[in-house]
Amino acid sequence: MSSRVYGIDIGSRSIGLVVLGEEGVEHSLSVPTTYDVLKQCRAVLEGVSGCLAVATGYGRKLFLKEFGVPGRFGRVLDITEIQAHALGARALYPTARTVLDIGGQDTKVIAMTPGGKVVRFEMNDRCAAGTGKFLEFMATALQTPLDRFGGFALGADKRIAISSMCTVFAETEATTLMALGERAENIAMGLHLAIAGRVQSMIGRIGCEPPLVFSGGVARNPCIVRLLEEGLGMAPLIPRDPDLVGALGAALHGKALLSKQSSLEAV
Amino acid sequence: MRAASLERFDGLADRFLADIEPLKEAGALVVGIYCTYAPRELVSAAGALPVGLCGKKQAPIPAAEKTLPANLCPLIKSSYGYAITGTCPYFAAADLLVGETTCDGKKKMYEFLGAVKPMHIMHLPFATGAAQEAYWTQEMRRFKEFLESATGNRITEDGLREEIRVQNEVRRLLARVLKLSSGACSPLSGLDMMAVSEAKSYVADPRAYAAMLRDLAAELEAMARAGQSGVATGARRILLTGCPVGRGSEKVVRLLEESGAVVVAAENCSGVKSFDLLADESGDPLVALARRTLCIPCSVMTPNAGRLSLLDRLTEEYRPEGVVDLTWQCCHTYNVESPMVQGHMLGKHGLRTLHIETDYSEADTEQLRTRIEAFLELL
């Protein structure tokens, strides 16, 4: 039987897939979640087969319910995003002690022991303050494509404080600044500063041990990365595919279970 | 397996109104109460019927928010929403209401409620000590006089002492039932535990309720002896602390148990906090009631060292593996106490605490599920 394992991270904004074979990552991809989550899951899994699937992210329970019946993927399990990101980050950076994951609707900070065991985590409550969603809203308000928003903000010539972290109120504050004739780049910088400040205080509550791995889609935003580096006094490590760290961690969890099982069978 | 006697508790709240009908017809007044500080013994001694009022569901909150600010605790908004929408049958049945000035939000809500039904306010001191006890005894006396004049019945010392004895017996039996969860395999899930203790607020006859508790205790004790458990083996043992929970606001307890944990003890005032304290059955009964309630380690008290010592005791007795501290949004006193509780539980007992701040809505259910599952993974 194939020992191929795959991890799927069903987030609010994107679905990531990582397929692990004998030799490591065989295949990976990321697609937008859309409103039809299961349809996207099916599309992502097209042509994929394995003996174990591990789901994580917001849609993990839905996935379990839909694909949990024995079939193409063998067994299906789920783990929380906290474990998945910790496992994924440690695989990419074996000495990592802290993980910051800013996704579409959640921000998480995870502290690990030197051995890689999760000891504490902080997670935002239901509000979108300081998440990818916040950036998405603000990019729209400033008519900038989301993937260019960070670079746009780096064109600021001064730093304005935006005091509101509430997505709706921050937009109001930005609108007020626009009406006062403030440069859009400076407003964008103010919004990025607001997020970085909030994330730093979350990290502060956990206590940041370096190295810090920055995962999740927002890690692609160069302005957030630079502000965090300034604020924390250390450069976060950024994976090549930050939005696949959760899926990688989920797949690794599956691999670990398989090898534990086969070692038991060997005994 | 679930104990068979539990079924009798499930329907108690629904049967309450039918059960009190003949008593109402015979002229008994119904007194609606909100909080553990309310001395139900005085109500019964006046020949009236105490009943817990609704305030644990999301449904009436939008109506309440027409008057009350949205950033107020859901318990207050829900209570008020039920009162003004006429959707709480117990509120509808109540002739009188009693409120205690436990927190700022509630005491201001009572001012609005007073316009809906006759309302008596008891002014609660926020500290223990001789002066506070004397003052609170005086508040007991004022409530006694209010009840006497409303019902036309005199509350005798002997009558009151008898009600204290009955309520003490109920508390002893509840403690005996809950105590069974301290064993290795709890015969009772947290949700069942909640239902059993909550039923106390909806019984027409506390003596009959005591008899039911006695049967339940006996059945559970037999289950425990036979090694039969009401929960899955290997479930993580959780100590719940913080704000009260009940039917309708059991979201966090449900998520914990769905995620493979079991609430073995609830320190909150819907749990052990209030069953733990007995009133003195001799001496001046008003002083006994004042003394008992003033010792409740509610976060409105300052300082509130009693909560930490109760947590210490529950930790020793129930051997939890983790602590969940639940705060309803905008419940400032419990929210402020949270870091203290977390530090104490970790420092003294090496136990991690998950602090959850939420309301009665289902909006954050999946988010909470992730946090709860991740917390259980850490234990």
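On a predicted model such as this, the values are computed, not experimentally measured, just so you know. (Residues numbered from 1 in each chain as written. Chains lettered and ligands numbered in written order. Predicted model: local features only at pLDDT ≥ 70, side-chain atom pairs only at ≥ 80, totals over all residues. Heavy atoms only, no water.)

Caption draft 1: Fine view of the overall build of chain B. Broken down by element type, chain B carries 17 helices and eight strands. For a compact globule of 379 residues, the expected C-alpha radius of gyration is about 21 Å, and chain B comes in at 20 Å, within 12% of that figure. Seen along its three principal axes, the alpha-carbon backbone of chain B occupies a region of about 60 × 45 × 40 Å. Expressed as a percentage of its 379 residues, the buried residues of chain B come to 58%. Considering only contacts within chain B whose residues lie at least 6 apart along the sequence, 75% involve residues at least 24 apart. Roughly 14200 Å² of accessible area belongs to chain B as shown, and the carbon and sulfur atoms make up 54% of that amount. (Helix = DSSP H or I, 4+ residues; strand = E, 2+ residues; numbered from the N terminus. Rg over C-alpha atoms; globule rule 2.2 N^0.38 Å. Buried < 20%, exposed > 50% of the residue type's maximum accessible area, 1.4 Å probe, protein only. Contact = heavy atoms within 4.5 Å. Areas by Shrake-Rupley, 256 points an atom, 1.4 Å probe, with all protein chains shown as cover.)

Caption draft 2: The arrangement of the sheet that holds strand β6 (residues 261-266) of chain B in detail. All names here are of chain B. On the basis of which strands lie adjacent, the open sheet formed by four strands has the order β6-β5-β7-β8 and parallel pairing. At either end of the open sheet lies a strand with only one pairing partner, and these are β6 and β8 (353-358). Averaged over all adjacent pairs, the angle separating strand axes in this sheet is 30°, with direction ignored. Looking at chain direction, strand β5 (residues 236-242) and strand β7 (residues 322-328) are connected through five bridges and run parallel. The residue bridging Ile-238 from the neighbouring strand is Gly-322, located in β7. Sheet strands in contact with helix α12 (residues 251-258) are β5, β6, β7 and β8, and its direction is about 135° off that of β6. (Pairing = 2+ DSSP bridges. Axes fitted to C-alpha atoms, helices over the stretch in contact; angles between N-to-C directions.)

Caption draft 3: Representation of the state of the cysteines within the structure. Residues and elements named next belong to chain B. Taken as a whole and assessed by the stated rule, the structure comprises one disulfide over all chains. Here Cys-54 is linked by a disulfide to Cys-88, with a sulfur-sulfur distance of 2.4 Å. Measuring handedness by torsion sign, the sulfur bridge of Cys-54 and Cys-88 sits at about 75° and is right-handed. Here Cys-88 lies in the loop between α5 (74-85) and α6 (89-93) and Cys-54 lies in the loop between β2 (49-52) and α4 (61-64), a separation of 34 residues in the sequence. Under the relative-accessibility criterion, Cys-88 is labelled buried at 2%. (Disulfide = S-S within 2.5 Å.)

Caption draft 4: Structural detail: the pattern of salt bridges. Residue and element names in this part refer to chain B. All told, the structure shown has 54 salt bridges over all chains when counted by the stated rule. Lys-56 serves as the salt-bridge partner of Glu-198, at 2.7 Å between the closest nitrogen and oxygen. In this pair, Glu-198 is assigned in helix α10 (residues 190-198) and Lys-56 in the loop between β2 and α4, connecting sequence segments 142 residues apart. Between Glu-221 and Arg-176 there is a salt bridge; the shortest N-O distance is 2.8 Å. On the criterion of sequence distance, the pair formed by Glu-221 in helix α11 (residues 206-225) and Arg-176 in helix α9 (residues 157-179) is long-range, its members being 45 residues apart. When salt bridges with common partners are traced through the structure, they connect Glu-250, Arg-254, Glu-258, Glu-362, Glu-366 and Arg-369 into a single cluster. (Salt bridge = Lys/Arg side-chain N within 4 Å of Asp/Glu carboxyl O.)

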